[in-house]
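For reference, the chains in residue letters:
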Amino acid sequence: MPMNGDTKDGEFNLKCGRTSLSTRGRRALAPFSPYIKAVNEAKKNPWSLSNPEGYFVMATAESILSFDLVHDKIRSCREVPATVGLYGNFRGGERLRNAISRMMERTFMGVEVDPSHICISSGVTAVLDLFFFATCNPGDGCLIPAPYFPAFDNDMSIRNEVIPIPVQPTDTRTYIPTVHEMEEAVLAAESKGIRARMLLVTNPGNPLGTLYPEATLKELLLWAVKRGLHVLSDEIYANSKFGPSVDEFVSMEKVTKNAVMEGLLSAETAAELVHTAYGMSKDFGMNGFRVGCLHTKNKDLLEFWQNMGMFAAVSNDTQHALAIMLEDENFVDKYVKENNRRLKKSYELLTKSFEAANLRYMPACAAMFCWLDLKSLLTEPTFTAEDNLWKEILDECRIVLTPGQACHYAEPGFFRVCYASMAPASLEIACARLTGFAEKKRRKRKSRDGQLDIDTLRTNH
């Protein structure tokens, strides 16, 4: 019997825009973010001195600031032993798990990291996809403090049908959620038939570039485990801390260890429910290498990864080179220090230009983002107006930003600015375009408002 696509009816269906894909496959036809088309088009036409009409992509969490250091190092690590051509451990090779656990332990986690508790997959996106598959059923919910990384929605829903539950903090000075707000979000989800199954926290934050206070992490942890929720802390920017802050970075693993030592949480419960994600994409600028990992003490999850990890395994060649790089602790320490110096330089360049143009933003101290407040440029306080402003900036400035609505923020007019995706000299030009656009919008509004006042006086007279 011929397949549907070989029949006249099948040809008709395809020509009419229908698809032979499954229900799951059809879900994946939608773009994974509302602005990705603009990003992809802009990357085909990037700004340069020889292409002044090109685009600046400031909507992608990529850093080129220190990749020259990684590039030189990784080239020297490209040994090719005969064993790279053989199948390896689908939870990650022993050498890389040893190297990455040692790096995490030394540089940011602050607790002993057992390599046997590490699962390595092809990027944190793959780690999240497998994690949601293992811990959630279709229709379960995941609590995420907003604003948050837009692609999380795709990570959890596209294959696993997990429903994101954005939690809007009432404190817009810090955007730090409270346990009360979390509980309200759980109850609201339950009223819609959605069972909250886990809490996802990003620290340092994306899109804010800020840190969670240790006390807040502790409160969220104890509340979540009391409810039987899995807690996943995404700490992919943990080594990108460049600025002053009231709070220092503290890993959820250290918070958990302290809670166990204080008798507030059993070691068994912590092992079952608390997990941390990390990857090489952000701190080390190695997005294209596709290497992420999960730290967990959950025995079933570790066994699960031994099987399912084969669907997202990292090549042995990449693992071998990366292990050699991370084993060089002197290189790692120098790299982290220099990368943070470069991040700080670009961040200060960006924010000084904003300040000179009287543009408001939320101060950051980590990651590679600035949360920019452009409410004053909206024609009205709606997300339609935000979308129109985003398109104006795209067309007039030739700059791609991340709109706040994509980050699930409740108030229109905010944008995520990624400033590490270009050299400082290019960033200066992008800043000049953006601040010049804002000044132009203000002048137009002032002129229009002045004309309205004159017209009103004439009418009343």
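Calculation rules
Throughout this description, residue numbers start from 1 for each chain and increase along the sequence as written. Per-residue local features are limited, in this predicted model, to residues with pLDDT of at least 70; the limit for side-chain atom pairs, both in listing and counting, is 80 or more; totals at the level of whole chains, interfaces and linings are taken over all residues. Computation of side-chain values covers all heavy atoms of the structure but excludes hydrogens and water. Strands qualify as paired when DSSP identifies two bridges or more between them. We count a stretch as a helix when DSSP gives it H or I for four or more residues in a row; a strand needs E for two or more, and each element gets its number in order from the N terminus. To obtain each axis, a line is fitted to C-alpha atoms, and for helices this fit is confined to the stretch in contact; angles are then taken between N-to-C directions over 0 to 180 degrees. We call two residues contacting when some pair of their heavy atoms lies within 4.5 Å. A simple rule labels every residue: compare its accessible area, found with a 1.4 Å probe on the protein chains alone, to the largest value its type can have, and call it buried under 20%, exposed over 50%, or partly exposed in between. Handedness rule for crossovers: strands pointing away from the viewer, path from the first strand over the helix to the second running clockwise, crossover right-handed. In this scheme Phe, Tyr and Trp rings, the latter by its six-membered ring, pair at centre separations within 6.5 Å, and the angle between planes marks the pair as stacked below 30 degrees, edge-to-face above 60, and tilted otherwise. The way it works is a 1 Å grid over only the protein atoms, where trapped points that fit a 1.4 Å probe form a cavity and open points with protein on both sides within 12 Å along at least five of seven lines form a pocket, and then any residue with an atom within 4 Å of a point lines it. Grid points are joined across faces, edges and corners, and a volume is the space filled by probe spheres set on the points. Ten residue types, Ala, Val, Leu, Ile, Met, Phe, Trp, Tyr, Cys and Pro, are classed as nonpolar, four, Asp, Glu, Lys and Arg, as charged, and the remainder, Gly among them, as polar. Here the limits of each domain have been adopted from an automatic or database domain assignment. Here, expected helix span is obtained from the residue count minus one, scaled by 1.5 Å. In what follows, salt bridge is the name for a side-chain nitrogen of Lys or Arg lying within 4 Å of a carboxyl oxygen of Asp or Glu.

Visitor: Explain the sheet that holds strand E7 (residues 274–279) here, please?
Guide: Strand pairing in a sheet relies on backbone hydrogen bonds, with the paired strands running either antiparallel or parallel. Taken in spatial order, the 7 strands make up an open sheet running E2-E8-E7-E6-E5-E3-E4, and their pairing is mixed. The sheet is open, and its two borders are formed by strand E2 (118–121) and strand E4 (163–167), each paired with just one other strand. Pairwise comparison of adjacent strand axes, ignoring direction, gives a mean angle of 25° for this sheet. Of the strand pairs in this sheet, strand E6 (residues 230–234) and E7 are connected by 4 bridges, and their pairing is parallel. Its bridge partner lying in E7, Ser233 is registered against Thr276. Taken strand by strand, helix H5 (residues 94–109) contacts E2, E7 and strand E8 (292–296), and its axis lies near 110° from that of E2. Contacts from helix H10 (residues 252–261) reach E6, E7 and E8 within the one sheet, and its direction differs from that of E7 by about 155°.

Visitor: Just checking my understanding: could you explain the pairing of strand E3 (residues 141–145) for this structure?
Guide: Two faces, one strand: in a regular strand the side chains alternate between the faces of the sheet. Judged by how many residues are buried, E3 sits mostly within the fold: 5 of 5 residues are covered. Of the two faces of E3, the one carrying Gly141, Leu143 and Pro145 and the one carrying Cys142 and Ile144 are both buried. Strand direction decides the pairing type here: E3 and E4, joined by 5 bridges, are parallel. Considered in E4, the bridge of Cys142 is made with Pro164. At this point the chain moves from E3, through helix H7 (residues 152–157), to the parallel E4, and the crossover so formed is right-handed. The pairing of E3 with strand E5 (residues 196–202) spans 3 bridges and is classified as parallel. If you follow Cys142 over to E5, its bridge partner there is Met198.

Visitor: Even after reading the chapter, I still don't get the packing of aromatic side chains, so can you show me in this structure?
Guide: Overall, the coordinates contain 19 aromatic pairs when judged by the stated rule. Ring geometry for Phe131 and Phe132: centres 6.3 Å apart, planes at 75°, overall edge-to-face. Assigned by exposure class, Phe131 and Phe132 land together as buried. Members of the aromatic cluster, each reached through a chain of ring pairs, are Tyr175, Trp371, Tyr409 and Phe414.

Visitor: How should I be thinking about empty space enclosed by the protein in this particular structure?
Guide: Per the counting criterion, the structure on display carries 1 cavity of 30 Å³ or more. By volume, the largest cavity amounts to about 40 Å³. Ser63, Ser66, Phe67, Ser240, Lys282, Asp283, Phe284, Gly285, Tyr335, Asn339, Leu343 and Met368 together form the lining of the largest cavity. Its residues assigned to classes, the lining of the largest cavity shows 5 nonpolar, 5 polar and 2 charged. Residue-level mapping places the lining of the largest cavity at the junction of two domains, with at least three residues from each of domain 1 (33–62 + 337–456) and domain 2 (83–327).

Visitor: Looking at this structure, how should I read helix H13 (residues 316–327)?
Guide: Note that an α-helix has 3.6 residues per turn; residues three or four places apart therefore point the same way. With 12 residues, H13 should reach 16 Å at 1.5 Å per residue; the first-to-last C-alpha distance of 16 Å fits that figure. H13 sits mainly inside the fold: 9 of its 12 residues count as buried. All of the buried residues along H13 are Thr318, Gln319, His320, Ala321, Leu322, Ala323, Ile324, Met325 and Leu326. On its buried face, H13 is in contact with helix H4 (67–76), H5 and helix H14 (329–356).

Visitor: Could you clarify how one ought to interpret helix H6 (residues 124–135) in this entry?
Guide: For H6, spanning 12 residues, the distance from its first C-alpha to its last is 16 Å, which sits close to the expected 16 Å at 1.5 Å a residue. Among the 12 residues in H6, 9 count as buried, and that is most of the element. Along H6, the residues that are buried comprise Val124, Ala126, Val127, Leu128, Asp129, Leu130, Phe131, Phe132 and Thr135.

Visitor: Just to check I follow, could you spell out the pattern of salt bridges for this structure?
Guide: Should the charged atoms of two oppositely charged side chains come close, the side chains can pair. Scanning the model with the defined rule gives 25 salt bridges in all. Between Glu161 and Arg27 there is a salt bridge; the shortest N-O distance is 3.7 Å. Taken together, the residues span a long stretch of sequence, with Glu161 in the loop between H7 and E4 and Arg27 in helix H2 (residues 23–27) at a distance of 134 residues. The partly exposed category is assigned to Glu161, whose relative accessible area is 36%. Under the relative-accessibility criterion, Arg27 is labelled partly exposed at 26%. A salt bridge links Glu329 to Arg106, with the nearest nitrogen and oxygen atoms 3.6 Å apart. Taken together, the residues span a long stretch of sequence, with Glu329 in helix H14 and Arg106 in helix H5 at a distance of 223 residues. Salt bridges linked by common partners bring Arg102, Glu105, Arg106, Glu329 and Asp333 together as one network.

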